[in-house]
Amino acid sequence: MNHNNILTIDNLHVTINHTEIIKGLNLSINQGEIHAIMGKNGSGKSTLAKVIAGHPSYTITQGNIYLYGEDITFQEPEERSHKGIFLAFQYPIEIPGVSNADFLRLAYNAQKKANKECELDPLSFFDLINKKTEFIDMDSTFLTRNVNEGFSGGEKKKNEILQMALLKSQLSILDEIDSGLDIDALKTISNSINVIKNDNNAIILITHYQRLLNYIIPHYTHIMQDGKIVHTGDANTAKQLEKYGYNYIN
């Protein structure tokens, strides 16, 4: 297996409530790559995102998921998270009564502890998180507010990107990060993602719309249909889809 390979999915079959949603899917992602996954509603895109992250509602009936060559098919979500898999939600939840700074410190220290590294005290963490907010051009007043409480759609998405930056995710899966954003918020969030992106990590962008891919240029664009990847192209594929619709790939 390629030593730069982060994720390999081999002949994956997934069911929920005895209905098969993913039907023999294969995918390989290396360090430094951005992969876009597109497809109509119901093609299995969001299911794939959740299954990579280890969502317990889905049953893998066949196939394997490997992270850096290690079989993680049946690992718990927490284990996957500590190993560097990050899933940004389409609809981030509100956590009343918990400040963002506390929430982020708990998540950061849980990851450090799992990897047998030093945890940070509140003051050291505050220094670190302030640098991260500057790095992705985010207002530091976010930190004192409760998690996602009263946040606009754009602010919630920014918060997800802040978590991604803080946890130094190896593989970030962004499920419709562009949904409900106006063009300014989309540009800001895309800029932040481009800043976090480097030669050692990888990103999966799940989207309906080509406009996100004007700002974050994918190396590969995969089209999903009926639980499988039926076509793989480059950044141009999304433009063709926008023009001609999904019939263009058949």
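Residues numbered from 1 in each chain as written. Predicted model: local features only at pLDDT ≥ 70, side-chain atom pairs only at ≥ 80, totals over all residues. Heavy atoms only, no water.

Participant: I tried to follow the overall build of the protein chain on my own but got confused; where do I start?
Facilitator: Secondary structure summary: the protein chain contains eight helices and 12 strands in total. Radius of gyration (C-alpha) of the protein chain: 18 Å, near the 18 Å computed for a compact globule of 250 residues. When the backbone C-alpha atoms are referred to their principal axes, the protein chain occupies close to 55 × 40 × 35 Å. For the protein chain, with 250 residues in total, the buried portion stands at 49%. Across the protein chain, the fraction of contacts at a sequence separation of at least 24, relative to all contacts at a separation of at least 6, is 68%. Per element, the accessible surface of the protein chain, about 12000 Å² overall, is 49% carbon and sulfur. Computed over 23 positive and 29 negative side-chain charges, the separation of the two mean positions in the protein chain equals 3 Å. (Helix = DSSP H or I, 4+ residues; strand = E, 2+ residues; numbered from the N terminus. Rg over C-alpha atoms; globule rule 2.2 N^0.38 Å. Buried < 20%, exposed > 50% of the residue type's maximum accessible area, 1.4 Å probe, protein only. Contact = heavy atoms within 4.5 Å. Areas by Shrake-Rupley, 256 points an atom, 1.4 Å probe, with all protein chains shown as cover. Lys, Arg positive; Asp, Glu negative; His and termini not counted. Charge placed at Lys NZ, Arg CZ, Asp CG, Glu CD.)

Participant: Looking at this structure, how should I read the side chain of Thr-47?
Facilitator: In this structure, Thr-47 sits in helix α1 (residues 45-53). We classify Thr-47 as buried; its relative accessible area is 10%. Discounting residues that sit within four places of it in the chain, Thr-47 has contacts with Val-14, Ile-21, Ile-22 and Tyr-58.

Participant: Just to check I follow, could you spell out the environment of Val-147 for this structure?
Facilitator: Examined against the element boundaries, Val-147 turns out to sit in strand β8 (residues 146-147). Overall, the relative accessible area of 2% leaves Val-147 in the buried class. Placed 138 residues apart in sequence, Val-147 and Ile-9 show a C-alpha to C-alpha distance of 33 Å. Ignoring sequence-local partners within four residues, the contact set of Val-147 consists of Ile-93, Glu-94, Ile-95, Val-98, Ser-99, Asn-100, Phe-103 and Asn-159.

Participant: Help me understand the sheet that holds strand β2 (residues 19-30), please; the structure alone is not making it clear to me.
Facilitator: Sheets are built from strands paired through backbone hydrogen bonds, the pairs being either parallel or antiparallel. Taken together, the four strands give an open sheet; going across it, the order is β2-β1-β4-β5, and neighbouring strands pair in antiparallel fashion. Every interior strand has two partners, whereas the edge strands, β2 and β5 (70-71), have only one. Bridge count between strand β1 (residues 5-16) and β2: nine bridges; the pairing is antiparallel. Residue pairing across strands places Val-14 opposite Ile-22, the latter belonging to β2. α1 rests against β1, β2 and β4 (59-67) of the sheet, and its axis sits at about 115 degrees to β1. (Pairing = 2+ DSSP bridges. Axes fitted to C-alpha atoms, helices over the stretch in contact; angles between N-to-C directions.)

Participant: Explain the packing of helix α3 (residues 100-114) against helix α5 (residues 153-166) here, please?
Facilitator: The axes of two packed helices give the description: the angle between them and the distance between them. In contact at an axis separation of 10 Å, α3 and α5 are set at 35 degrees when each is read in the N-to-C sense. Of the two elements, α3 crosses α5, and the hand of that crossing is right-handed. Only Asn-159, Leu-162, Gln-163 and Leu-166 of α5 make contact with α3, whose side of the interface consists of Asn-100, Phe-103, Leu-104 and Tyr-108. (Left-handed = near helix turned anticlockwise from the far one by under 90°.)

Participant: How should the packing of aromatic side chains be read in this particular structure?
Facilitator: The relative placement of two aromatic rings is captured by the distance of their centres and the angle of their planes. Taken as a whole, this structure holds two aromatic pairs when the rule is applied. Taking 5.7 Å as the distance between ring centres and 50 degrees as the angle between the ring planes, the aromatic pair formed by Tyr-108 and Phe-125 counts as tilted. On the criterion of sequence distance, the pair formed by Tyr-108 in helix α3 and Phe-125 in helix α4 (residues 122-135) is long-range, its members being 17 residues apart. The exposure classification of Tyr-108 matches that of Phe-125, with both residues buried. Considering the side-chain rings of Phe-142 and Phe-151, the 5.2 Å spacing of their centres and the 90 degrees angle between planes classify their relative orientation as edge-to-face. Grouping residues by exposure puts Phe-142 and Phe-151 together as buried. When the ring centre of Phe-142 is taken as reference, the NZ or CZ atom of Arg-145 above it lies at 5.8 Å. (Phe/Tyr/Trp six-rings, centres within 6.5 Å; stacked < 30°, edge-to-face > 60°. Lys NZ or Arg CZ within 6 Å of the ring centre and 35° of its normal.)

Participant: How do you make sense of α1 when you look at a structure like this?
Facilitator: Along an α-helix, residues three or four positions apart point the same way, because every turn accommodates 3.6 residues. Among the nine residues that make up α1, seven are buried, leaving the element largely enclosed by the rest of the structure. Burial in α1 covers these residues: Lys-45, Thr-47, Leu-48, Ala-49, Val-51, Ile-52 and Ala-53. Within two residues after α1, Gly-54 carries a phi angle of roughly 95 degrees, on the positive side.

Participant: Just to check I follow, could you spell out unusual backbone geometry for this structure?
Facilitator: Outside of glycine, negative phi angles account for most residues, and trans bonds account for most peptide bonds. Located in the positive-phi region is Asn-11, a residue other than glycine, with phi close to 50 degrees. Structurally, Asn-11 is set in strand β1. Judged by relative accessible area, which is 29%, Asn-11 ranks as partly exposed. With phi around 45 degrees, Lys-168 is a residue other than glycine that occupies positive phi space. Here Lys-168 shows up in the loop between α5 and β9 (171-175).

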